[in-house]
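Structural description and commentary
Listed here are the chains, written in short residue letters.
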Amino acid sequence: MKIDDSLLEPTAKMSGSFQDMVSSNVTMLLDADPAIAESNDLYRDFHQAIRDRPAEHEIFGLLDACIQIVSERVQFLQSIVQKAARGQPKFQRILSSLNHLVLEQNTWELIRTLYFDRLQSNLASDSDTEMDVGLSGNFVSDKEIVDDLFKREASTRQNQLVIDWLELCAAQQFASKYEQVEFFSDNAVAWENTLMQLHQKGKVSLNHERPLVTEMDPDAPIRQNKPLADLDKEDEARLLNHVFTHLRAGQLIEAEDLCVKCGQAWRAATLEGWRLYHDPNYNQSDRDEVEGNVCRDVWKDVCWKMSQDERIHTCEKAIYALLSGNLKALLPACVTWEDWLWAHYRCDDLQLCKA
């Protein structure tokens, strides 16, 4: 069988037999129905994996094998997608098969994670007791209280495992779907176009001049009810979208670093308020670093109010809704069913772990 050369595009080179396998099977996968072919292979390999591991104690080996089976096909189809041209009907079927296999792989990983935790919970000693908060004479921090809650409450811990899984799935897609926002903004300079126009005011006559903010602090646009320069508004919207996407992927540190690179260290500080307070120096003689936000309850209340402010950008409201557990304000930023599930789990988790 031969296909039109226009279906193929140059891609990065792969080494060894894997590249040969991809090249020799591009024609076959584009001409055949990839969904049927891959499904048949999966059923056969899953059946063989079950036959090879029939014993109950081999359950985790079986789950690892299922993950590996799907992972190999995901890697193979990803290479096919990179070589095949977009827009072809058969290419779209391959892409659809790839998306289904990614969901399959993610589902097996979730099953393994939850089953392992539940097995560990069943094996835990029945003699474990609750933390005697307030009666031991020792100071107990917010972080220690929440850590103890996750240790004792299996349902709360498994809710967090689902959140971690949803964020990991999002993180795996993040790098390939989003361009680097710092390419569109100079480092360490926020709202540079607005700043430039304020410096030029009175020196150069600007065409179509309109009133902009006259101060450059973070609250100025809302306090003065005046806009930023148009280019800065675009940069601001792009930054907020990327910050929210990082948080959706569970990448708090990356979101903070991005804010600092784009000249908004103050925004990184607002995100840092999320961390639970813990001071180990109350119960030990050696001095260690204090972590977290001692006024986290006040900070969460402010985040909640910010998430309800109609004057700020939708993504910014979603960021503060996520941090404060405001589900109603978070859902408008959700697109896929995974986003909606994540939003519900995150907000429920915050309500359970109030500190």
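Position numbers for residues start from 1 in each chain and track the written sequence from start to end. Reporting in this predicted model follows two pLDDT cut-offs: at least 70 for local features of residues, and 80 or more for side-chain atom pairs to be given and counted; totals over whole chains, interfaces and linings ignore these cut-offs and use all residues. As a convention, hydrogens and water are excluded, and side-chain values are obtained from all of the structure's heavy atoms.

Here we take up the overall build of the chain. In this description a helix means any DSSP run of H or I spanning at least four residues, a strand means any run of E spanning at least two, and both kinds are numbered starting from the N terminus. If you tally the helices and strands in the chain, you get 15 helices and 0 strands. Each residue is placed in one exposure class: buried if its accessible area under a 1.4 Å probe, protein chains only, is under 20% of its type's maximum, exposed if it is over 50%, and partly exposed if it falls in between. Scored against the burial criterion, the 355 residues of the chain give a buried share of 39%. It only takes one pair of heavy atoms within 4.5 Å for two residues to be counted as in contact. Taking the intrachain contacts of the chain between residues at least 6 apart in sequence as the baseline, contacts between residues at least 24 apart amount to 62%. As presented, the chain carries roughly 21,000 Å² of accessible surface, and 53% of it is formed by carbon and sulfur atoms. To measure how exposed things are, a 1.4 Å probe is used in the Shrake-Rupley method; for residues, cover is taken only from the protein chains shown.

Known as pLDDT, the predictor's per-residue confidence is scaled from 0 to 100. When pLDDT is averaged along the chain, the result is 80, and 76% of the positions lie at 70 or above. Within the model, pLDDT remains below 50 along residues 1–24, and this stretch shows 38 contacts once partners closer than five positions in the same chain are excluded.

Moving on: the packing of helix α7 (residues 192–200) against helix α9 (residues 230–248). Close contact between α7 and α9 brings their axes to 7 Å; oriented N to C, the two are set at 160 degrees. Accordingly, the angle class assigned to the pair α7 and α9 is roughly antiparallel. The hand of the α7/α9 crossing is left-handed. Seen from α7, the contacting residues are E192, N193 and T194; seen from α9, they are L231, D232 and D235. Each axis is a line fitted through C-alpha atoms, taken for helices only over the stretch in contact, and angles between the N-to-C directions span 0 to 180 degrees. To sort the angles, those under 35 degrees are grouped as roughly parallel, those over 145 as roughly antiparallel, those from 65 to 115 as roughly perpendicular, and the leftovers as oblique. Working rule for handedness: look at the near helix, and if it is turned counterclockwise from the far one by less than a right angle, call the crossing left-handed; if clockwise, right-handed.

Here the focus is the side chain of H242. Mapped onto the fold, H242 is located in helix α9. Here H242 falls in the buried class, since its relative accessible area comes to 6%. Within 3.5 Å is the distance limit for a polar contact, defined as a pair of N or O atoms, with the added protein rule that one can donate a hydrogen and the other accept it, and that residues adjacent in sequence qualify only through two side-chain atoms. One polar contact links the side chain of H242 to the main-chain carbonyl oxygen of R238, over a distance of 2.9 Å.

Phi at W191 takes a positive value of approximately 55 degrees, unusual for a residue other than glycine. When you line up the elements, W191 lands in the loop between α6 (154–177) and α7. The buried category is assigned to W191, whose relative accessible area is 8%. The backbone of N225 sits at a positive phi, close to 55 degrees, despite the residue not being glycine.

Attention now moves to the packing of α9 against helix α13 (residues 314–324). Contact pair α9 / α13: the axes reach a minimum separation of 9 Å and the direction vectors enclose 30 degrees. It follows from the interaxial angle that α9 and α13 lie roughly parallel. Every pair of crossing elements has a handedness; the one defined by α9 and α13 is left-handed. Residue-level inspection shows L240, N241, V243, F244 and L247 of α9 in contact with α13, the latter providing C315, E316, A318, I319 and L322. Only Asp, Glu, Lys and Arg are considered charged, only Ala, Val, Leu, Ile, Met, Phe, Trp, Tyr, Cys and Pro nonpolar, and every remaining residue, Gly among them, polar. Looking at side-chain class alone, the contact of α9 with α13 contains 8 nonpolar, 1 polar and 1 charged residues.

Moving on to the nonpolar core. Judged by nonpolar contacts, the single largest core of 37 residues is most densely connected at V243, L247, L271, I319, L330 and W342. Looking at this core element by element, the count peaks at 7 residues for α13. Residue contacts for V243: discarding those within four places in its chain leaves A255, L258, C259, L271 and I319. To define a nonpolar core, start from buried Ala, Val, Leu, Ile, Met, Phe, Trp, Tyr and Cys residues and group those joined through side-chain atoms within 4.5 Å. A65, I67, A84 and F91 belong to the second largest nonpolar core, which has 22 residues in total.

In this analysis, rings of Phe, Tyr and Trp, with Trp reduced to its six-membered ring, are considered paired at centre separations within 6.5 Å, and the interplanar angle assigns stacked below 30 degrees, edge-to-face beyond 60, and tilted for intermediate values. In total, this model carries 4 aromatic pairs according to the counting rule given. Ring geometry for F244 against W342: centres 6.2 Å apart, planes inclined by 75 degrees, an arrangement best described as edge-to-face. Residue F244 is found in helix α9, and its partner W342 is found in helix α15 (residues 337–352); the two are separated by 98 residues along the sequence. Residue W342 is classed as buried on the basis of its relative accessible area of 0%. An aromatic cluster is defined as three or more aromatic residues linked by ring pairs; in this entry it consists of F60, Y115 and F116. One Lys or Arg, R296, reaches over the ring of W274 and ends 5.1 Å from the middle of that ring. Think of it as a cone above the ring: NZ of Lys or CZ of Arg counts as a charge over the ring if it is within 6 Å of the ring centre and within 35 degrees of the ring normal.

It is possible for side chains of opposite charge to pair when their charged atoms get near one another. A side-chain nitrogen of Lys or Arg and a carboxyl oxygen of Asp or Glu constitute a salt bridge if their distance falls within 4 Å. For the structure shown, the criterion picks out 17 salt bridges. R346 serves as the salt-bridge partner of E167, at 2.8 Å between the closest nitrogen and oxygen. One end of the pair, E167, is in helix α6; the other, R346, is in helix α15, with 179 residues separating them in the sequence. On the basis of relative accessible area, R346 is assigned to the buried category, the value being 10%.

So, about the environment of L331. Position of L331 among the secondary structure elements: in the loop between α14 (327–330) and α15. What makes L331 buried here is its relative accessible area of 16%. Separated by 11 residues in the primary sequence, L331 and W342 place their C-alpha atoms 9.9 Å from one another. Aside from chain neighbours lying at most four places away, what touches L331 is W340, A343 and H344.

In this section: a negative patch on the surface. The grouping of D286, D288, E289 and E291 at the surface amounts to a negative patch. You can see E291 is positioned in the loop between α11 (265–272) and α12 (296–307). For patch detection, residues must exceed 30% relative accessible area and be free of salt bridges, and they are connected within 9 Å for like charges or within 5 Å for nonpolar side chains (Val, Leu, Ile, Met, Phe, Trp, Tyr). Residues scored as charged are limited to Lys and Arg (positive) and Asp and Glu (negative), so that His and the chain ends carry no count. Each charge is placed at NZ for Lys, CZ for Arg, CG for Asp and CD for Glu.

So, about the environment of L149. Examined against the element boundaries, L149 turns out to sit in helix α5 (residues 142–152). Sequence separation between L149 and L352 is 203 residues; the distance between their C-alpha atoms is 9.3 Å.

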